[in-house]
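Chain by chain, the residues:
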Amino acid sequence: MGTDTTRVAESISGEPRDEQASPAAHRRRRRLSLGYLLIAPAMLYLVVFMLIPLYRGVQLSFTDTRLVSPAAGSYVGFDNYQFLLGSARFWNSMTATIIYTGAVVVFSIILGTLTAVLINRPFRLRGGVRAILLFPYATPTVAAALVFVWIYNRSSGVMNETIGLAGLGPVGWLGDPRYGMFSVVFATVWKVFPFVMLVMLAALQSVPDELYEAARVDGADGLSTFRGIVLPHLMPTIRVVALLMTIWSIRRFEIIYLLTGGGPVERTNTLVINIYQQAFQQQRLGMAAAIGMLGVVLSLAVTVGFFVVERRAAAQEAQA
Amino acid sequence: MSTIRRKPGQIVVWVLLALVTLFAAFPIYWMFNTALSLTSELYATGQDLWPHLERLPRIPGSLAAVNALGLLRNSAFIATGTTILSLVMATGAAYALSRFKFHGKGFAGFFLFATQMLPQALLVVPLFALFVTLGLINNLSGLVLAQTAFSMPVATFIMKTAIDKIPYEIEESARVDGCPQLGQLSLIVVPLILPSMAAAAVVTFFDGWNEFLFANTFISSAEKWPASVGLAQFMGQYATPLSTVMATALVFTLPALIFFLIVQRRIISGITAGAVKG
């Protein structure tokens, strides 16, 4: 899943604030062509390796192209889409994506925010604890998946040995349809919660000390300080992190593929896993592309929804 | 907060902190512990909670048996290529986005962000077709090209954030002194953002190091597998002892842990400067 890193707000809002105010702005306009020159390689690269493939993907989704002869597909109009929208397997996949994404977003934000609050005060060993908390974020996904497969092992895994102490189990964490989604979400949350923690930690450090001071004077206890002061201050950041987590969860492939491959009984067969299966197991490239496009539509819908909510919240906060 | 009310609260805080640290560390510890266990312990008599450190000397031998070094070398090639290609393009792009006004700039920023929405699994199909045409299938350089498309935007964000923080006056005075714009970029801006460039380098390096999907799809011969694919291949078969698989996973993981810890602050500020408005 690559790097979990994007700076959203700024990249979208465009330029840094000081630019318009700068007296040198009009002079910089003259050097405009150098600006194009500097950004051109990156843009051209993305056109060749992303935009054109994406366009090819759109084209493919209207054909019945198969993996054995990728050049020989014929145009079938909306057949693939029509088939998908009427297919229970596709809707199961959509449901799995939404459950997986929702669960990962909610639990990683809760755990990440809680952890950030816990380590946001000076204490001995803080640096060491923070370093350990970053382990999951730095661990290669394949290595993480590998060790989780062993932890989840039905007969010898440490997960079943632990619940066995309480007289429970053994449970087929990856093989039982009741637990597959839980196991995949659990491993994913392990992998991604440090990212949330890092972002929240930075946001916490921007809470003005006077606010804590005021709360202390008012005699607020820790929990009500958090609810009344810290949490409202964190909300804009939580919204951005929720967007990133959502987009990344919709497109996450490796950890699910390696843990369950979409099973058991397709319970974790998210759209992205479904694309891969259609393309490289069923060899139906056209159908795979159509699933992918519907996945992109889902991501776009979430992003647009986010900006609508964001604008409203910003307007409300400005009024208040 | 009075001291009386604080005490039980403090205990809860420490317990929670201990639990979450254990949660974060355990899988890595377990990887290490499993690498030092015997197959008979793993599947029959039970794995010890404490690591058998006396078996550490066995690890190099088991790594050699699965040619772990060859796998890591391929990963390193993909990672290095991705880093160089990404940073070269990202430096220019970040500078342009931060310091220039031009038509389509807003669109360029959006385009870079939009790449984060595209699933690799979707692009893998058309890229496969493209690479067949270009003769880049079963070729490590092809993986570099594919991975760079996903990593370069991220490097651009990290560096743009860093450049935004540099006061423009520094470049302005250099300009007055007759330093050309490209000279300002290479002599003034780049040295000032070196720490962030290092962070961007670490992020892109480990993007390439960890990459699995493209490698798993585009590479057919085993001697070109990166460690990610090699490890995933071990997973399904029982010929390789689990302790060897975990030892390989560990040497695959350690460089990432070390480098991320070194540059973590920069990554954090890069990540957050855009996301946190404060």
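Here the structure is a predicted model, which is why all the values come from computation and not from measurement. (Residues numbered from 1 in each chain as written. Chains lettered and ligands numbered in written order. Predicted model: local features only at pLDDT ≥ 70, side-chain atom pairs only at ≥ 80, totals over all residues. Heavy atoms only, no water.)

*Asks:* Describe in detail the pattern of salt bridges, supporting the description with residues and values.
*Replies:* Residues and elements named next belong to chain B. On inspection of all chains with the given rule, the structure shows seven salt bridges over all chains. Salt-bridge contacts for glutamate 171 lead to arginine 99; the nearest nitrogen and oxygen are separated by 2.7 Å. You can see glutamate 171 sitting in helix α8 (residues 168–176) and its partner arginine 99 sitting in helix α4 (residues 68–99), a full 72 residues away along the chain. The exposure classification of glutamate 171 matches that of arginine 99, with both residues buried. Here glutamate 172 and arginine 175 are joined by a salt bridge, their closest N and O atoms 3.1 Å apart. (Salt bridge = Lys/Arg side-chain N within 4 Å of Asp/Glu carboxyl O. Helix = DSSP H or I, 4+ residues; strand = E, 2+ residues; numbered from the N terminus. Buried < 20%, exposed > 50% of the residue type's maximum accessible area, 1.4 Å probe, protein only.)

*Asks:* Describe the confidence of the model for chain A, listing the residues and the values that go with them.
*Replies:* Residue and element names in this part refer to chain A. Of the residues in chain A, 90% have a pLDDT of 70 or more, and the chain-wide mean is 85. Per-element confidence in chain A is highest for helix α6 (residues 88–118), whose mean pLDDT is 96, and lowest for helix α1 (residues 8–13), whose mean pLDDT is 38. Confidence over residues 1–21 falls short of pLDDT 50; this stretch has 65 contacts with residues more than four positions distant or in other chains. (pLDDT = per-residue confidence, 0-100. Contact = heavy atoms within 4.5 Å.)

*Asks:* Got a sec to walk through unusual backbone geometry? Specific residues and values, please.
*Replies:* All names here are of chain A. Proline 264 follows glycine 263 through a cis peptide bond whose omega is -20°. Within the fold, proline 264 resides in the loop between α13 (254–259) and α14 (271–280). Of note, the phi angle at valine 265 is positive, near 50°, even though the residue is not glycine. Residue position: valine 265 is located in the loop between α13 and α14. In this structure, glutamate 266 is a non-glycine residue whose phi angle is positive, near 60°.

*Asks:* Give me the packing of aromatic side chains: which residues, what numbers.
*Replies:* Summed over the entire model, instances satisfying the criterion amount to 43 aromatic pairs over all chains. Between the aromatic rings of A:Phe306 and A:Phe307, the centroid separation amounts to 4.9 Å while the plane-to-plane angle is 80°, which identifies the pairing as edge-to-face. The partly exposed category is assigned to A:Phe307, whose relative accessible area is 31%. Ring plane angle 50° and centroid distance 6.5 Å describe the contact between B:Phe26 and B:Tyr29, whose orientation is recorded as tilted. Taken as a pair, B:Phe26 and B:Tyr29 lie in helix α1 (residues 3–35) at a separation of three residues, close to a single helical turn. A relative accessible area of 23% places B:Phe26 in the partly exposed class. Among the aromatic side chains, those forming a connected cluster through ring pairs are A:Tyr45, A:Phe49, A:Phe253, A:Tyr257, A:Tyr276, A:Phe280, B:Phe128, B:Phe131, B:Phe150, B:Phe212, B:Phe214 and B:Phe218. (Phe/Tyr/Trp six-rings, centres within 6.5 Å; stacked < 30°, edge-to-face > 60°.)

*Asks:* Quick rundown of the interface of chain A and chain B? Include the residues and the values.
*Replies:* Each partner contributes to the interface: chain A provides 112 residues, whereas chain B provides 111 residues. For the interface between chain A and chain B, the tally reads zero salt bridges. The residue makeup of the side of chain A that touches chain B, split by class, is 75 nonpolar, 21 polar and 16 charged. (Nonpolar A, V, L, I, M, F, W, Y, C, P; charged D, E, K, R; others polar.)

*Asks:* Give me a nonpolar patch on the surface: which residues, what numbers.
*Replies:* On the surface, A:Leu114, B:Ile11, B:Val12, B:Val15, B:Leu16 and B:Leu19 cluster together into a nonpolar patch covering about 510 Å² of accessible area. The element contributing the most residues to the nonpolar patch is α1(B), with five residues. Of note, B:Val15 is situated in helix α1. (Patch = residues over 30% accessible without salt bridge, like charges linked within 9 Å, V, L, I, M, F, W, Y side chains within 5 Å. Areas by Shrake-Rupley, 256 points an atom, 1.4 Å probe, with all protein chains shown as cover.)

*Asks:* Which residues make up the domain arrangement of chain B, and what are the values?
*Replies:* All names here are of chain B. Its domain assignment divides chain B into domain 1 (1–58) and domain 2 (66–275). Centre-to-centre separation of domain 1 and domain 2, based on C-alpha positions: 32 Å. Contact with domain 1, which involves nine residues of that partner, is made by nine residues of domain 2. When domain 1 packs against domain 2, close to 750 Å² is buried across both sides, 80% of that on carbon and sulfur atoms. When the buried area of domain 1 at its contact with domain 2 is split by residue, Ile28, Met31 and Ala35 rank highest and sum to 52% of it. Connecting domain 1 to domain 2 are zero salt bridges. In this structure, the connection of domain 1 to domain 2 is made through zero residue pairs in polar contact (both at pLDDT 80 or more). Of the residues forming the side of domain 1 that touches domain 2, the biggest block, five residues, is contributed by α1. Partitioning the side of domain 1 that touches domain 2 into residue classes produces six nonpolar, three polar and no charged. (Domains from an automatic or database assignment. Buried area = accessible area lost by both parts, 1.4 Å probe. Polar contact = N/O pair within 3.5 Å; in protein donor to acceptor, adjacent residues only side chain to side chain.)

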